[in-house]
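The lines below spell out each chain.
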Amino acid sequence: MSASIYIDGKYFEPANATVSVFDHGFLYGDGVFEGIRFYNKRIFKLNEHIQRLFNSAKVIMLEVPLTADALSAAVVTTVKNSGLADGYIRLIVSRGTGDLGLDPRKCKKASIVIIPSELKMYPKELYDNGISLITVPTRRNINESLNPRIKSLNYLNNILAKIEAVQLGYEEAILLNHDGYVAECTGDNIFYVTGGVLYTPASHYGALKGITRDVIIDLAKEQHITVVEAATTRYDLYTADECFLTGTGAEVIPVAKIDARVIGTGGPGGMTRKLIDAFKKLVAREGVAVA
Ligand code: PMP
């Protein structure tokens, strides 16, 4: 891969793709980002990701120095330049460079970085047999402090939860919100099935409004499945018939166990399989073409 990383309108080889130590994204985690997938030279849900990025930026009062159309075009060109057919894009808008000190007014212009890469998903075995989750002590940020709907460069809340999960021998963690309701996982949304109804925590319980989450909700509705965005306790998860996670990187991954309780039959359930199937068909036919 050569000359493929976009930084503020120019392309750099990976070894030379560097940003300043005075970038406030580096100094303070001041910025927003998106993780986007492309399948067979088509960028999946590009408009939705760009829209969410602009919403995140608006909430933190960060002015993106390109229009949505120009930013989308930059993503398309970056993917094209990479020569990859399938992969993952990290799109970052940081506050930009400025003197030390929190005040965003020190940064004159936001900086845009687009990194295409090959994809690293969970091991295949977890897709076949299901992933095991653990609820960790770290709680999801409260909406009034740092709303989890902002996809910001400040991922320490999620990283702490990830560290706790890994320490305990798990790949992914369940985060509860301040009131003890299930919010989401460190990098994925959570769904569960009880009595043929599909549930997921409503985003105001502390979940990022995942693009994959929205896709799954739409696919379920197309299949006439009732979808409820609900207040979710761990009891609801433990007693569910099926459970799965969604995310741009993970796609849809079945959950086998939560806190040592076997969920349903312990493998991918019938509705989970149907939705995985529908998801795969959708990504094969949809997306913004690169070539
Ligand atoms: N929750 C968190 C905390 C995330 O970082 C992500 C993205 N990796 C998701 C959920 C899933 O969102 P999406 O489907 O848009 O990737």
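Preceding this paragraph is the structure being described.
Residues numbered from 1 in each chain as written. Predicted model: local features only at pLDDT ≥ 70, side-chain atom pairs only at ≥ 80, totals over all residues. Heavy atoms only, no water.

### Brief notes about the site of the ligand
Move 1: For the ligand, the set of nearby residues contains 17 residues, the closest of which are Y155, E184, I211, T212 and T248.
Move 2: Between the ligand and the protein, one listed contact pairs an oxygen atom with a side-chain N or O atom of K151 at 3.3 Å.
Move 3: Measuring from an oxygen atom of the ligand, one finds a backbone N or O atom of I211 at 2.7 Å.
Move 4: When the ligand is considered free in solution it has 390 Å² of accessible area, and contact with the protein chains removes 93% of it.
Move 5: Applying the majority rule of atoms within 2 Å of the grid points places the ligand in the largest pocket.
Move 6: Grouping the amino acids of the shell around the ligand by side-chain chemistry returns three nonpolar, nine polar and five charged. (Near = heavy atom within 4 Å. Polar contact = N/O pair within 3.5 Å; in protein donor to acceptor, adjacent residues only side chain to side chain. Areas by Shrake-Rupley, 256 points an atom, 1.4 Å probe, with all protein chains shown as cover. 1 Å grid on protein atoms, 1.4 Å probe; cavity = no way out; pocket = protein on both sides within 12 Å on 5 of 7 lines; lining within 4 Å. Sits in = over half its atoms within 2 Å of the grid points. Nonpolar A, V, L, I, M, F, W, Y, C, P; charged D, E, K, R; others polar.)

### Examining the layout of surface pockets
Move 1: Taken as a whole, the largest pocket spans an internal volume of roughly 750 Å³.
Move 2: Lining the largest pocket are 33 residues, and of these Y88, R90, G187, D188 and G249 lie nearest its centre.
Move 3: Residue assignment for the lining of the largest pocket shows that the elements contributing at least two residues are β3 (31-39), β5 (87-94), α5 (156-167), β9 (182-185), α6 (211-222) and β13 (242-247).
Move 4: Its residues assigned to classes, the lining of the largest pocket comprises 11 nonpolar, 12 polar and 10 charged.
Move 5: Residues from two domains meet in the lining of the largest pocket; each of domain 1 (5-117) and domain 2 (124-285) gives at least three.
Move 6: Put simply, the second largest pocket is a space of about 250 Å³.
Move 7: Taken together, E48, Q51, R52, N55, S56, V59, N147, R149, I150, K209, I211 and D214 form the lining of the second largest pocket.
Move 8: Listing elements by their share of the lining of the second largest pocket, those giving two or more residues are α2 (46-59) and α6. (Points joined across faces, edges and corners; volume = space filled by probe spheres on them. Helix = DSSP H or I, 4+ residues; strand = E, 2+ residues; numbered from the N terminus. Domains from an automatic or database assignment.)

### Brief notes about the sheet that holds strand β16 (residues 288-289)
Move 1: Read from one edge of the open sheet, seven strands run β2-β1-β6-β5-β3-β4-β16, paired in antiparallel fashion. Unpaired on one side and paired on the other, β2 (10-12) and β16 mark the two borders of the sheet.
Move 2: Sheet analysis places strand β1 (residues 5-7) next to strand β6 (residues 111-117), joined by two bridges and oriented antiparallel. Paired with Y6 across the strands is I114, a residue of β6. (Pairing = 2+ DSSP bridges.)

### Points about the packing of α6 against helix α8 (residues 270-285)
Move 1: Axis separation between α6 and α8 bottoms out at 10 Å; the angle between their running directions is 110 degrees. Here α6 lies roughly perpendicular to α8, going by the angle between them. Between α6 and α8, the contacting residues are T212, V215, I216, L219 and A220 on the first element and L275, A278, F279 and L282 on the second.
Move 2: Split by residue class, the contact of α6 with α8 holds eight nonpolar, one polar and no charged. (Axes fitted to C-alpha atoms, helices over the stretch in contact; angles between N-to-C directions. Parallel < 35°, antiparallel > 145°, perpendicular 65-115°, else oblique. Contact = heavy atoms within 4.5 Å.)

### Observations regarding unusual backbone geometry
Move 1: Phi at D259 is positive, roughly 50 degrees, even though this residue is not glycine.
Move 2: Relative to the elements of secondary structure, D259 occurs in the loop between β14 (251-258) and β15 (261-262).
Move 3: Phi angles above zero are rare outside glycine, and A260 is one such case at about 70 degrees.

### Description of empty space enclosed by the protein
The method is simple in principle: a probe with the dimensions of a water molecule rolls over the atoms, and the space it marks as empty is what remains.
Move 1: Per the counting criterion, the structure on display carries two cavities of 30 Å³ or more.
Move 2: Computed from the structure, the largest cavity encloses a volume of approximately 80 Å³.
Move 3: Forming the walls of the largest cavity are R140, N141, L146, N147, P148, I150, K151, S152, N154, Y155, N158 and L208.
Move 4: Here the lining of the largest cavity is composed, by residue class, of five nonpolar, five polar and two charged.
Move 5: In this structure, the second largest cavity encloses a volume near 60 Å³.
Move 6: Those elements giving two or more residues to the lining of the second largest cavity turn out to be β3 and α6.
Move 7: Its residues assigned to classes, the lining of the second largest cavity comprises four nonpolar, four polar and one charged.
Move 8: Shared between two domains, the lining of the second largest cavity holds at least three residues of each, these being domain 1 (5-117) and domain 2 (124-285).

### Side note on the packing of aromatic side chains
Move 1: With the rule as written, the count across this model stands at seven aromatic pairs.
Move 2: Considering the side-chain rings of F33 and Y155, the 5.3 Å spacing of their centres and the 70 degrees angle between planes classify their relative orientation as edge-to-face. Pair noted here: F33 is in strand β3 and Y155 is in the loop between β7 (131-135) and α5, with a separation of 122 residues, a long-range link.
Move 3: Taking relative accessible area as the criterion, F33 reaches 8% and is therefore assigned buried. (Phe/Tyr/Trp six-rings, centres within 6.5 Å; stacked < 30°, edge-to-face > 60°. Buried < 20%, exposed > 50% of the residue type's maximum accessible area, 1.4 Å probe, protein only.)

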